[in-house]
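One-letter residues, chain by chain:
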Amino acid sequence: MSKANPFGVHRVMEPQGVLPQAAFKLNNDFTELFSNEILIKVERLNIDSASFTQLKSQAQGDVELIKKQITDIVNQRGKMHNPVTNSGGMLLGEVMEIGEDTRNKFPIQLGSKVATLVSLTLTPLFLESIGNVHLDKAQVEVEGKAVIFESGNLASIPTDFSEILALAILDVAGAPIQIGRLVKPGDTVVVIGGGGKSGLLSIAESRRKIGPNGKILALCGSPVSAKRVERLGYADHIWTQDATKALATYEKVKELTRGSMADLVINVVNVPFTEMSSIICARDGGIIYFFSMATSFTAAALGAEGISKDVTMVIGNGYGYNHAEYTLDLVRKEPVLRKILSEIFE
Ligand code: NAP
């Protein structure tokens, strides 16, 4: 076996010379494996929520059409890279081959059950078939193969979680560790999309850091997700509203904070056009953490400038050192959070 480029550039088919995430098409022919690649037998895709929402809406909820969209994207691009949202997701599978030059980096063995911790937008993927589509989980049962590069990342599925729940949690593992670095004691934190998977994790992480004088205000997309936040028991105020309506968000947060607005705004929705809701409810000098894949840099940058808001805007990085273990530990320490997530993902 020969050693290939650690970032996976050797698998880029077009345009030549770019990194795999930026590529339009990757080589998903795995007959020849390189010594710094890992081959995985894929069982399940966890499609990124923004991508899945877009696919579901385009297919008007028709499962066969969703399967066709996924098949077409992977056939065309050699990876599950949604061309509309530009986002991917991650996958669950079993390790089939471990290139000798990756052995020291990844604590895995042949047959280990793993979740990938890099996006499907840069993971070469070949699908043989698509099985059940789980509309409520944004997960799809598949048979296929994928490759992880030397610069990539994966996690063994822990023994104290079901595979499906672990996959769901690890999908958004970047959020809690980064929020833990941003939030300070006494902060007022607004979570936009608070009742979703990363929303609940963000609320739990924030509650642990803000102390008794901090406040959490949760904007939810529907009564169902608002109920989940209520059950978690950590938000000081929960309301249901369309987060694309920036003025409504402004008025609500102004009223709840008596005009002082939020120190930290966490955006974890899965739909576009919510940048201004996030920016407008932050105080001057506040921080906005955009974890949502539907975030537009242009809308955020020009929108903040347009209302003369001097804020720090942080892009939600999917990776943080030790983020997988950090997030699994958070769920282990939070039994109510674990119960709520288990009800959705088991
Ligand atoms: P999720 O569980 O589907 O949650 C999304 C939430 O957004 C839902 O609770 C939904 O509320 C809410 N929502 C949707 N439309 C809304 C609207 N118009 N107004 C208010 N709330 C609305 O998604 P997730 O898996 O936590 O992911 C959240 C975001 O993070 C997605 O954009 C995803 O793509 C992104 N993500 C980013 C990274 C990264 O590395 N930065 C990694 C993974 C995921 P209802 O359910 O009540 O409608």
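Cut-off values and rules
Residues numbered from 1 in each chain as written. Predicted model: local features only at pLDDT ≥ 70, side-chain atom pairs only at ≥ 80, totals over all residues. Heavy atoms only, no water. Helix = DSSP H or I, 4+ residues; strand = E, 2+ residues; numbered from the N terminus. Rg over C-alpha atoms; globule rule 2.2 N^0.38 Å. Buried < 20%, exposed > 50% of the residue type's maximum accessible area, 1.4 Å probe, protein only. Contact = heavy atoms within 4.5 Å. Lys, Arg positive; Asp, Glu negative; His and termini not counted. Charge placed at Lys NZ, Arg CZ, Asp CG, Glu CD. Core = buried A, V, L, I, M, F, W, Y, C linked by side-chain atoms within 4.5 Å. Pairing = 2+ DSSP bridges. Axes fitted to C-alpha atoms, helices over the stretch in contact; angles between N-to-C directions. Near = heavy atom within 4 Å. Polar contact = N/O pair within 3.5 Å; in protein donor to acceptor, adjacent residues only side chain to side chain. Areas by Shrake-Rupley, 256 points an atom, 1.4 Å probe, with all protein chains shown as cover. UniProt positions renumbered as here; feature names shortened; annotations may be inferred. Arc of directions from axis to C-beta. Salt bridge = Lys/Arg side-chain N within 4 Å of Asp/Glu carboxyl O.

Named according to an unreviewed UniProt entry, the protein is L-erythro-3,5-diaminohexanoate dehydrogenase originating from Psychracetigena formicireducens.

Attention now goes to the overall build of the protein. Looking only at helices and strands, the protein features 11 helices and 14 strands. By the compact-globule yardstick of 20 Å for 346 residues, the protein fits well, its C-alpha radius of gyration being 20 Å. C-alpha extents for the protein along the principal axes are approximately 65 × 40 × 35 Å. The buried share among the 346 residues of the protein stands at 53%. Looking at the protein alone, contacts between residues at least 24 apart form 71% of all its contacts between residues at least 6 apart. Averaging the locations of the 35 positively and 38 negatively charged side chains of the protein gives two centres separated by 5 Å.

Turning next to the nonpolar core. Counting residues in hydrophobic clusters, the biggest one holds 47 residues, and the most contacted among them are L170, V189, L264, I266, Y289, L337 and L341. Ranked by the residues each element gives to this core, the list is headed by helix 3 (residues 163-171), at 6 residues. Sequence-distant contacts of V189, that is, excluding residues within four places in its chain, are made with V183, S206, I210, K215, I216, L217, L264 and I266. Within the second largest apolar cluster, 31 residues are counted, among which are I40, F52, I66 and F106.

Let's shift gears to helix 4 (residues 174-182). Counted residue by residue, helix 4 has 8 buried out of 9 residues, so it is predominantly covered. Regarding helix 4, the residues found buried are G174, A175, P176, I177, Q178, I179, G180 and L182. Next to the buried residues of helix 4 lie helix 5 (197-210), strand 12 (262-267), strand 13 (282-290), strand 14 (312-315) and helix 10 (323-333).

Let us look at the sheet that holds strand 8 (residues 154-156). Strand order in the open sheet formed by 6 strands is 6-7-3-4-5-8, with antiparallel pairing between adjacent strands. Where the open sheet ends on each side, the last strands, each with one partner, are strand 6 (125-134) and strand 8. Within this sheet the neighbouring strands show an average axis-to-axis angle of 35 degrees, counted without direction. Here strand 3 (residues 37-47) pairs with strand 4 (residues 89-98) via 9 bridges, running antiparallel. The residue bridging V42 from the neighbouring strand is G93, located in strand 4. Seen against the sheet, helix 1 (residues 49-58) touches strand 3, strand 6 and strand 7 (139-149) and runs at an angle of roughly 55 degrees to strand 3.

Strands pair in a sheet through their backbones, by hydrogen bonds, and they do so in one of two ways: parallel or antiparallel. In space, the 6 strands of this open sheet follow the order 11-10-9-12-13-14, with parallel pairing throughout. Single-partner strands in this sheet number two, and they are strand 11 (237-240) and strand 14. The average angle at which neighbouring strand axes cross in this sheet is 15 degrees, direction not considered. Alignment of strand 13 against strand 14, held across 4 bridges, turns out to be parallel. Following the sheet pairing, Y289 is matched in strand 14 by V314.

With that out of the way, let us pick up the site of the ligand. D48, S198, S222, S225 and V269 are the nearest of the 25 residues found near the ligand. Contact distances for the ligand include 3.1 Å between an oxygen atom and a backbone N or O atom of G196. Measuring from a nitrogen atom of the ligand, one finds a backbone N or O atom of F291 at 3.1 Å. Burial of the ligand by the protein chains amounts to 85% of its free accessible area of 930 Å². Only helix 1 and helix 5 provide two or more residues apiece to the shell around the ligand.

Right, let's get into the UniProt feature "domain: L-erythro-3,5-diaminohexanoate dehydrogenase N-terminal" (unreviewed entry) in the protein. When the UniProt feature table is mapped to this numbering, "domain: L-erythro-3,5-diaminohexanoate dehydrogenase N-terminal" (unreviewed entry) covers residues 10-158. Across residues 10-158, the secondary structure splits into 17% helix and 36% strand, with the terminal C-alpha atoms separated by 32 Å.

This part is about the pairing of strand 5 (residues 113-116). Summarising the sheet, strand 4 and strand 5 pair through 3 bridges and their orientation is antiparallel. When the sheet's bridge partners are listed, L92 is paired in strand 5 with A115.

This paragraph deals with helix 10. An α-helix turns once every 3.6 residues. As a result, residues three or four positions apart point the same way. Looking at helix 10, one finds that the buried residues are H323, A324, T327, L328, L330 and V331. All buried residues of helix 10 project into a common sector of 150 degrees when viewed along the axis, lining one side. Next to the buried residues of helix 10 lie strand 8, helix 3, helix 4, helix 5 and helix 11 (335-345).

Moving on: the pattern of salt bridges. It is possible for side chains of opposite charge to pair when their charged atoms get near one another. Counted under the stated rule, the structure contains 18 salt bridges. Where R11 meets E37, a salt bridge forms, and the shortest distance between an N and an O atom there is 2.9 Å. Highlighted residues: R11 in the segment before strand 1 (12-14) and E37 in strand 3, separated in sequence by 26 residues. Neither residue differs from the other here; R11 and E37 are each classed as buried. Note that R44 and E141 form a salt bridge whose closest N and O atoms lie 3.5 Å from each other. You can see R44 sitting in strand 3 and its partner E141 sitting in strand 7, a full 97 residues away along the chain. When its relative accessible area of 27% is taken as the criterion, E141 is described as partly exposed. A single salt-bridge network, built from bridges that share partners, covers D160, E325, D329 and R332.

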